[in-house]
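Observations on the model geometry
These are the residues of each chain, in order.
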Amino acid sequence: MKYHDIVIIGGGPAGMAAAVAAYDAGVTDVAILDREETLGGILKQCIHNGFGLHKLGRELTGPEYADVYRAEVEKRGIAVYTDTMVTAVSPERVVTAQNRTGVLTMQAGAVVLAMGCRERSRGALNISGTRPAGVYSAGTAQKLMNCEGYRVGERVVILGSGDIGLIMARRLSLEGAKVEAVCEIMPYSGGLIRNIVQCLEDFGIPLYLSHTVAEIHGRRRVEGVTIAEVDDKRRVIEATKRYIPCDTLLLSCGLIPENELTRAAGIPMDPVTGGALVDEHRETAVPGIFACGNVLQVHDLVDYVSDEAEIAGVGAASFVKNQKAKRPVIATKAGNGVRYVLPQQVHADGSEDISLFLRVTKPFGKVRYTVSAGERVLATANRLKAAPGEMEKITVGRDKWQGVAGPVTVSLEEL
Amino acid sequence: MKRNLICIICPRGCAMTVEGEGNELTVTGNTCPKGKQYAIDECTHPMRTVTSTVRVTNRQDTMVSVKTAAPVPKDSIFKVMERIRATAVEAPVKAGAVLVADVFGTDVIATKSVE
Amino acid sequence: MYDVIIVGAGVIGGMLARELTRYRLSVCLLEKENDVACGASKANSGIVHGGYDPTPGTLKAKLNTAGVEKLFAAAAELHVPCTRCGSLVVAFSAEEDEIVKALLERGLINGVKGLSVLTGDEARALEPALSPDVTSALSVPNAGVVCPYQLTIAAVGNAMDNGAALQLNFEAVAVSREADGFTVTAADGRAVKGRYLVNCAGGHADQIAAMAGDGFFTLIPRAGEYMLLDKAEGGRVRRTIFQVPTKEGKGILVTPTADGNLLTGPTATHVESAESTETTPAGLETVARLAAKSVPSVNFRQVITSFTGVRASVAGGDFIIEPSKTVQGLLHVAAIDSPGLTCCVAIAEYAVGLLQSMGLAAEKNPTFNGARADVHAFRHMSNEERDAYIKEHPDYGKIICRCETVTEGEIRDALRRNPPANDIDGVKRRTRAGMGRCQGGFCMPYVMRLISEERDVNMTDVTKNGGASKQLKGRI
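Report follows, based on the coordinates. Predicted model only: the values in this text are computed from it and were never measured.

What about the overall build of chain B?
The helix and strand tally for chain B stands at 2 helices and 10 strands. Written out in order from the N terminus, the α and β elements of chain B read β-β-β-α-β-β-β-β-α-β-β-β. Expressed as lengths along the three principal axes of its C-alpha atoms, the size of chain B is roughly 55 × 25 × 20 Å. Buried residues in chain B amount to 44% of all 115 residues. In chain B, of all internal contacts separated by at least 6 residues, the share reaching a separation of at least 24 is 43%. Side chains of chain B give 15 positive and 12 negative charges; the mean places of these two sets differ by 6 Å.

Written out as structure tokens, the structure is:
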């Protein structure tokens, strides 16, 4: 099983910032696992600007912000596994993933969860009516438009005035589609005020607060939606129903932190944030497992995601360093034919290979060195000769150290 | 004239009021000088940054995201889009490269690299 | 000229096609949609009914009791998800207690084994989530659940592997009877000839019968709305929980599905046609309210999707499985509402028997193989199994649908093996890609790309379910 000091699940803005912070905090054996072909996460499709003013002092688009961090990751030589989907995390910090080469299992000194979030679907909203083509969550439409270059619709109604919906209202308008309306079930908008200005007002798109989509029409493709005002309990007021012809319904009704892996690992969750319960280091209740970014709480600015990820990255690095410091100390001893062994003590918990250096008591011909812990042989090495003037080195691989408790002896026998 | 508006320069979205005539405009409610300038511009010659995508012709279904390097007049947005839509590029493209030059006083540049 | 033409590739038509390929017969399945299982076969409760419900002496009763074991056997052969989880029919009053006892009696007459009546407390001991108001329950240990659309797809696929033909997007507009057989003509002009014609057209069986000159029955379309909940709710109950049946039907049930979700529904409302598959606020509210009556703790915040199926019901209430009295060579297998799914294998065998009595010579097909190759669904495989399989088939290493753990390899396979998927919903039904929590939010663009590659069509021509259901409006 491979070992990394820190394994980060998700290579979006949270994962990248956590990786860089952990590295800079002194733990350099960091690996990022991401399910897509390149790092950047959701930023790859957020082609609009508004990112980085707080964190980087300049206004950038999503891809540019991602590029800044990707460059930092590359500069440090942090290990990156792309096209790799994590399928499980255990409380003991074993991470299971798979990609086209097979199933990978990794033992992590610490894990940082940075899986981001998903969008609330039509099914979860219980919008009744038919189930035609043309109903999209705003993020899926965004991906198809911005990354692959496809038009998702010509006449669009958007449900939900969260930022993704507002941004897509502008995007669709710029590409020549007609956005008929944005409906928001609450009496206030969920998005940044400036997006109301630059995405709706700029394009003359009406925003109907306290409104929802009551029904979807159209058999194969959306033909229209019935919108309606809602009361203070957010129930449809029948008399206000009206039909808007359209061919596309975009849903921007909330983001849900993607915590399947977290729950499966038995990590305690906060039902209000939808993410894990964490302390000031963003460590969850399971030691050594940290969380940051949208998987922990839904953010509105990626700048704050980066800030939070740095806390988690530093926290994960401290955890690893503390764990290493707490490891039991094992003494090394010189056995038969060996004058001394250096280092005289090791912290051996299986996280790294350890080389032992020695000098022999007198000249020998062919010898076999044996490194043993009681009855258990950790390593052997054959040499054609041995001399007191020539220092010898024997490397014992990390998995051999696992479970070693007592003193380790290096001895030789003549062959 | 008196106009209330929301600043779009940064996520704070300060609510501002602009009063006055012609060149004699006063701004209240801003919390920074950029906001004040935005308010004045918005009343005299509103500007917007346009972000969009350009097709990469030698890659399958690949778009390169672009932006106007500087804001353009708000009433030119759709003309800028026409220029962008009429443009295609071939990979490799480097982030920052000018893809459409001289568009309403600025350039349209790539915001990502494509190998 | 085919030996047998079957109109309708739902679970009944599919199973019949499979049954017919056990013999040396040429079979052609005609289906008006862009895929099989697009009618009620994809939108029902997925229940394998115990057999206590049908009126004794009816075709339903006869085929249900025998049909249960045949269905589980076929599902196993075809690698279709099914669970023999058992069911409880719960009562909430002394009056309903009597109905439960009557169901037991009826079950005994119908030859159902293993039935017993439990007290409310005994029922709650088995199912702690049951309402405290449950007064008694009929226990039906032999019952279970099956995935109805996977069963249809597998049956059709197996039939095709054994030589049956499938024509999709074949909407029959005319049926003519000549000396040597039938000609069925499609709206697009295609025509298929066959010596025998079987009417398995589900919600349109009355129209097909009329087209063939034997329109002696009229179907009454009754819609049933459902809400499907996240797998996190899948363990809320272990058995299917029925309420006592009424004239309208078996009532709202709460059941684990064969794939581990929780399903609630169906309602029973009269609708205009078999195409009236909208969900309604009133219908969904009824499902929630009545499901909560049986299992108060169902967490409806975990609903991931809702849908409606339309039953092909008839006034008489029994299956119409009989040779036409006026048109020689025409066999009706119609009005197959509940327990049609349970009976599908028994119906297929019965129908073959009827065809033989109508003169169809049926010699055994020595090359028939009733087993279907496993689809290697990764969500069922251990890490070791996955690793080994990926080394041989790297496409299975790439997970496309995170929520249901569906790999690229499985999706490509679904687009290739009989019957190949042609659209997004077809891939979804075969692989479960898009059936999870995010309902395709992440995986849909990837699925579309795979359809585009495997079908050699432009992304802009990829549809949700055929016809005018294109997802995209063009390129930017």
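The structure having been displayed, the exposition proceeds.
Quick notes on the packing of helix α2 (residues 59–77) of chain C against helix α8 (residues 344–357) of chain C
Residue and element names in this part refer to chain C. Viewed as axis vectors pointing N to C, α2 and α8 meet at an angle of 110°, and their least axial separation amounts to 6 Å. With respect to each other, α2 and α8 are oriented roughly perpendicular. The residues of α8 that touch α2, namely those facing Leu59, Lys62, Leu63, Gly67, Lys70, Leu71 and Ala74, are Cys344, Val345, Ala346, Ile347, Glu349 and Tyr350. Residues of the contact of α2 with α8, tallied by class, amount to 9 nonpolar, 1 polar and 3 charged.

Here we look at the interface of chain B and chain C
Facing the 5 residues of chain B at the interface are 4 residues of chain C. Counting each side, the surface lost to burial between chain B and chain C is near 430 Å², with a carbon and sulfur contribution of 34%. Counting every contact that joins chain B to chain C gives 2 salt bridges. If you look at where chain B meets chain C, you find 3 residue pairs in polar contact (both at pLDDT 80 or more). Taken together, the residues of the side of chain B that touches chain C break down into 1 nonpolar, 2 polar and 2 charged.

Notes on the sheet that holds strand β29 (residues 408–414) of chain A
All names here are of chain A. Read from one edge of the open sheet, 5 strands run β24-β22-β29-β26-β27, paired in mixed fashion. At either end of the open sheet lies a strand with only one pairing partner, and these are β24 (345–347) and β27 (376–383). Neighbour to neighbour, the strand axes of the sheet diverge by 25° on average, direction disregarded. Two strands pair when backbone bridges link them, and strand β22 (residues 329–334) and β29 are joined in this way by 3 bridges, in the parallel orientation. Along β29, the bridge assignment pairs alanine 334 with valine 410.

Remarks on the interface of chain A and chain C
Taken residue by residue, the interface counts 47 residues in chain A and 54 residues in chain C. A combined buried area of about 4400 Å² lies between chain A and chain C, and 51% of that area is made up of carbon and sulfur atoms. In this structure, the connection of chain A to chain C is made through 9 salt bridges. With a closest N to O distance of 2.5 Å, Lys398(C) and Asp83(A) form a salt bridge. Taken together, the connections running from chain A to chain C amount to 26 residue pairs in polar contact (both at pLDDT 80 or more). In terms of residue count, the dominant contributor to the side of chain A that touches chain C is helix α4 (residues 138–146) of chain A (4 residues). Of the residues belonging to the side of chain A that touches chain C, the class tally is 13 nonpolar, 17 polar and 17 charged. Note that strand β12 (residues 150–151) of chain A and strand β23 (residues 474–475) of chain C share 2 bridges and pair antiparallel. Across the sheet, residue Arg151(A) finds its bridge partner in β23(C), namely Gly474(C).

Some points on empty space enclosed by the protein
Unoccupied space between atoms shows up once a probe the size of one water molecule is rolled over them. What the rule picks out here adds up to 7 cavities of 30 Å³ or more. Its volume calculated, the largest cavity comes out at about 500 Å³. Around the largest cavity, the lining is made up of 27 residues, and of these Val135(A), Gln439(C), Gly440(C), Met444(C) and Lys464(C) lie nearest the centre. The set of elements that each furnish at least two residues to the lining of the largest cavity consists of α3 (122–125) and β11 (135–137) of chain A together with α11 (424–431) and α12 (444–455) of chain C. A breakdown of the residues in the lining of the largest cavity according to their chemical character gives 11 nonpolar, 11 polar and 5 charged. Broken down by class, the residue content of the lining of the second largest cavity amounts to 4 nonpolar, 3 polar and 3 charged.

Observations concerning the environment of Tyr149(C)
Residues and elements named next belong to chain C. Relative to the elements of secondary structure, tyrosine 149 occurs in helix α5 (residues 148–161). Among the residues examined, tyrosine 149 registers a relative accessible area of 13% and is labelled buried. Separated by 307 residues in sequence, tyrosine 149 and aspartate 456 place their C-alpha atoms 26 Å apart. When sequence neighbours within four positions are dropped, the list of residues in contact with tyrosine 149 reads Ala37, Ser41, Lys42, Asp259, Arg429, Arg432 and Met435.

A closer look at the pattern of salt bridges
Scanning the entire structure with this criterion turns up 71 salt bridges over all chains. Arg220(A) serves as the salt-bridge partner of Glu33(C), at 2.9 Å between the closest nitrogen and oxygen. Remark: Arg220(A) occurs in the loop between β16 (211–217) and β17 (224–229) and Glu33(C) occurs in the loop between β2 (27–30) and β3 (47–48); the pair is interchain, linking two chains. For the pair formed by Glu33(C) and Arg220(A), the shared burial category is buried. Between Glu260(A) and Arg402(C) there is a salt bridge, with its nearest N and O atoms 3.5 Å apart. Taken together, the residues Glu260(A) in helix α7 (residues 260–264) and Arg402(C) in the loop between β21 (399–401) and β22 (406–407) connect one chain to another. Of the two residues examined, Glu260(A) and Arg402(C), each falls in the buried class.

Thoughts on the packing of helix α1 (residues 11–20) of chain C against α8(C)
Residues and elements named next belong to chain C. Viewed as axis vectors pointing N to C, α1 and α8 meet at an angle of 55°, and their least axial separation amounts to 8 Å. Comparing their axes, α8 and α1 come out oblique. Where α1 crosses over α8, the handedness of that crossing is right-handed. Of the residues in α8, those in contact with Val11, Ile12, Met15, Leu16, Glu19 and Leu20 of α1 are Cys344, Val345, Ile347, Ala348, Glu349, Ala351, Val352 and Leu355. Of the residues belonging to the contact of α1 with α8, the class tally is 12 nonpolar, no polar and 2 charged.

Some remarks on the side chain of Asn99(A)
Position of Asn99(A) relative to the elements: it lies in strand β7 (residues 94–99). Given a relative accessible area of 10%, Asn99(A) falls into the buried group. A distance of 2.6 Å separates the side chain of Asn99(A) from the side chain of Thr101(A), its partner in a polar contact. The residues contacting Asn99(A), other than those within four sequence positions of it, are Asp83(A), Thr84(A), Leu104(A), Ile390(C) and Gly397(C).

Notes on the sheet that holds strand β23 (residues 338–342) of chain A
All names here are of chain A. Taking strand neighbours across the sheet as the criterion, the 3 strands line up as β23-β25-β28 in an open arrangement whose pairing is antiparallel. Lying at the two open borders of the sheet, with one neighbouring strand each, are β23 and β28 (392–396). Averaged over all pairs of adjacent strands, the angle between strand axes in this sheet comes to 30°, irrespective of strand direction. Pairing of strand β25 (residues 354–360) with β28 involves 5 bridges; the strand directions are antiparallel. Opposite isoleucine 354, over in β28, you have valine 396 as the bridge partner.

Reading guide: rules and limits
Residues numbered from 1 in each chain as written. Chains lettered and ligands numbered in written order. Predicted model: local features only at pLDDT ≥ 70, side-chain atom pairs only at ≥ 80, totals over all residues. Heavy atoms only, no water. Helix = DSSP H or I, 4+ residues; strand = E, 2+ residues; numbered from the N terminus. Buried < 20%, exposed > 50% of the residue type's maximum accessible area, 1.4 Å probe, protein only. Contact = heavy atoms within 4.5 Å. Lys, Arg positive; Asp, Glu negative; His and termini not counted. Charge placed at Lys NZ, Arg CZ, Asp CG, Glu CD. Axes fitted to C-alpha atoms, helices over the stretch in contact; angles between N-to-C directions. Parallel < 35°, antiparallel > 145°, perpendicular 65-115°, else oblique. Nonpolar A, V, L, I, M, F, W, Y, C, P; charged D, E, K, R; others polar. Buried area = accessible area lost by both parts, 1.4 Å probe. Salt bridge = Lys/Arg side-chain N within 4 Å of Asp/Glu carboxyl O. Polar contact = N/O pair within 3.5 Å; in protein donor to acceptor, adjacent residues only side chain to side chain. Pairing = 2+ DSSP bridges. 1 Å grid on protein atoms, 1.4 Å probe; cavity = no way out; pocket = protein on both sides within 12 Å on 5 of 7 lines; lining within 4 Å. Points joined across faces, edges and corners; volume = space filled by probe spheres on them. Left-handed = near helix turned anticlockwise from the far one by under 90°.

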